[in-house]
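Breakdown of the fold
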Amino acid sequence: MAPSSVRIRVANAVFLNVRRWPGATDHGRRPFLLVHGLSSNARLWDQVAEILSGAGHPVHAVDLRSHGDSDAPPDGYDTATAADDLAALGLTGAIVAGQSWGGNVVVVLAAKHPDVVAALALVDGGWLDLSGEFPSWEACEAALRPPDIDGLPADELRGYLRRGHPGWSAEAIEATLGNMRIWPDGTLSRRLPIDRHMRIVRSMWDDPPNRYYASVPVPVLLMPALPRDPEKAAALPDATVREYLDADHDLHAQHPRELAADLLELAGRVG
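What comes next concerns the included structure.

Here we take up the overall build of the chain. The number of helices and strands found in the chain is ten helices and ten strands. The C-alpha radius of gyration computed for the chain amounts to 17 Å, which stays within 12% of the reference 18 Å derived for 271 residues, consistent with globular compactness. On the principal axes, the C-alpha backbone points of the chain span a range of 50 × 45 × 45 Å. Buried residues in the chain amount to 56% of all 271 residues. Within the chain, residue pairs in contact and separated by at least 24 positions form 67% of the contacts whose partners lie at least 6 positions apart. Of the roughly 11700 Å² that the chain leaves accessible, carbon and sulfur atoms contribute 50%. Taking the 25 positively charged and 36 negatively charged side chains of the chain as two groups, their mean positions are separated by 4 Å.

This part covers the packing of aromatic side chains. Two descriptors summarise a pair of aromatic rings, namely the distance from one centre to the other and the angle between the planes of the rings. Overall, the coordinates contain one aromatic pair when judged by the stated rule. The positively charged end of R202 is found above the aromatic ring belonging to W137, 4.8 Å away from the centroid. The residue whose ring lies beneath R242 is Y244, and the NZ or CZ to ring-centre distance is 3.8 Å.

With that settled, the discussion passes to the nonpolar core. One finds L33, V62, L86, L109, L120, L122 and V216 to be the most contacted residues of the largest nonpolar core, which totals 51 residues. Looking at which element gives the most residues to this core, the answer is helix α3 (residues 101-112), with eight residues. Apart from the residues lying within four places of it in its own chain, the contact partners of L33 are H60, V62, L86, L89, L91, I95, V96, A97 and L109. Counting residues in hydrophobic clusters, the runner-up holds 27 residues, among them L34, A42, A97 and A118.

A pair can form between side chains of opposite charge whenever their charged atoms are brought close. All told, the structure shown has eleven salt bridges when counted by the stated rule. A salt bridge links D206 to R202; its shortest N-O distance comes to 3.1 Å. Taken together, the positions of D206 and R202, both in helix α8 (residues 194-206) and four residues apart, correspond to about one turn of that helix. A relative accessible area of 40% means that D206 is categorised as partly exposed.

Attention now goes to unusual backbone geometry. Not every positive phi belongs to a glycine, and D124 is a case in point at roughly 50 degrees. Following the sequence through the fold, D124 ends up in the loop between β6 (117-123) and α4 (130-133). Residue D124 is classed as buried on the basis of its relative accessible area, which comes to 1%. Of note in the backbone geometry, D246 takes a positive phi value of approximately 50 degrees without being a glycine. For D246, the location among the structural elements is in the loop between β10 (239-241) and α9 (251-254). For D246, a relative accessible area of 74% puts it in the exposed group.

Right, let's get into the sheet that holds strand β2 (residues 14-21). Taken in spatial order, the eight strands line up as β1-β2-β4-β3-β5-β6-β9-β10 in an open sheet, and their pairing is mixed. Only two strands of the sheet have a single partner each, and these edge strands are β1 (4-11) and β10. For this sheet, the mean angle separating the axes of adjacent strands, direction not counted, is 25 degrees. One ladder, built from four bridges, connects β6 with strand β9 (residues 220-223); its direction is parallel. From the neighbouring strand, L122 faces β9, where its bridge partner is L222. Where helix α1 (residues 46-54) meets the sheet, it contacts β2, β3 (32-35) and β4 (59-62), and its direction lies at approximately 55 degrees from that of β2. On the sheet, helix α10 (residues 256-270) packs against β3, β5 (94-99), β6, β9 and β10 and is oriented at approximately 155 degrees with respect to β6.

The rules behind each value
Residues numbered from 1 in each chain as written. Predicted model: local features only at pLDDT ≥ 70, side-chain atom pairs only at ≥ 80, totals over all residues. Heavy atoms only, no water. Helix = DSSP H or I, 4+ residues; strand = E, 2+ residues; numbered from the N terminus. Rg over C-alpha atoms; globule rule 2.2 N^0.38 Å. Buried < 20%, exposed > 50% of the residue type's maximum accessible area, 1.4 Å probe, protein only. Contact = heavy atoms within 4.5 Å. Areas by Shrake-Rupley, 256 points an atom, 1.4 Å probe, with all protein chains shown as cover. Lys, Arg positive; Asp, Glu negative; His and termini not counted. Charge placed at Lys NZ, Arg CZ, Asp CG, Glu CD. Phe/Tyr/Trp six-rings, centres within 6.5 Å; stacked < 30°, edge-to-face > 60°. Lys NZ or Arg CZ within 6 Å of the ring centre and 35° of its normal. Core = buried A, V, L, I, M, F, W, Y, C linked by side-chain atoms within 4.5 Å. Salt bridge = Lys/Arg side-chain N within 4 Å of Asp/Glu carboxyl O. Pairing = 2+ DSSP bridges. Axes fitted to C-alpha atoms, helices over the stretch in contact; angles between N-to-C directions.

Structural measurements only, silent on function.
Printed below as a string of structure tokens:
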């Protein structure tokens, strides 16, 4: 079933786009909230969401600020503000999954807004501590600054994605192109400008998720794409690990069926 889209105000004059799939008619299943990573968008979750909805759960996949079809205000590009935006969506008792930087965001959400979260799934993220990976902010900034691809033909990027991710579906490829605006002449530009991208990266440097672990009161499923090791996340009070071998960072694009099955198992644990 195709999702509907709604715009929800999360702050003064800031609206986020949320893709919604219906659940069971008896409304007895917990909702899922699916959160993308940095410079990504909600559409990457579509194949996972369809399976979760088919199992009876209402599903909400959100575009964060300056991502996808959400508003692009001049400020609010940090992990803590993103977590507050999620709390403002109005969900309670949700199974919340966050990928990459989205994992960091949902850890903060669970620590600061525990009524929203019944369980967490951290999809190759939620343990990203840049200050522990780089010797200085300058080194981190140089390594993680994205390339300027504005003006690149969209078909060139599409071909690059197909070659680089042969296991992805056509839907996942097109969803990834949704990270960009495609103009009438066929060229593209970033939805999240580089300066805002780097403000988020700086917040990841300044505000690592491990400082919130002791305040996360819910079961947590760690889903690393090996060989990345979520060693620091072992400090979470109630964590289990489901490893994905030789997998892409975008697990939800590469392995939507397996990921959805793991999320449904997590939902079964919390009832």
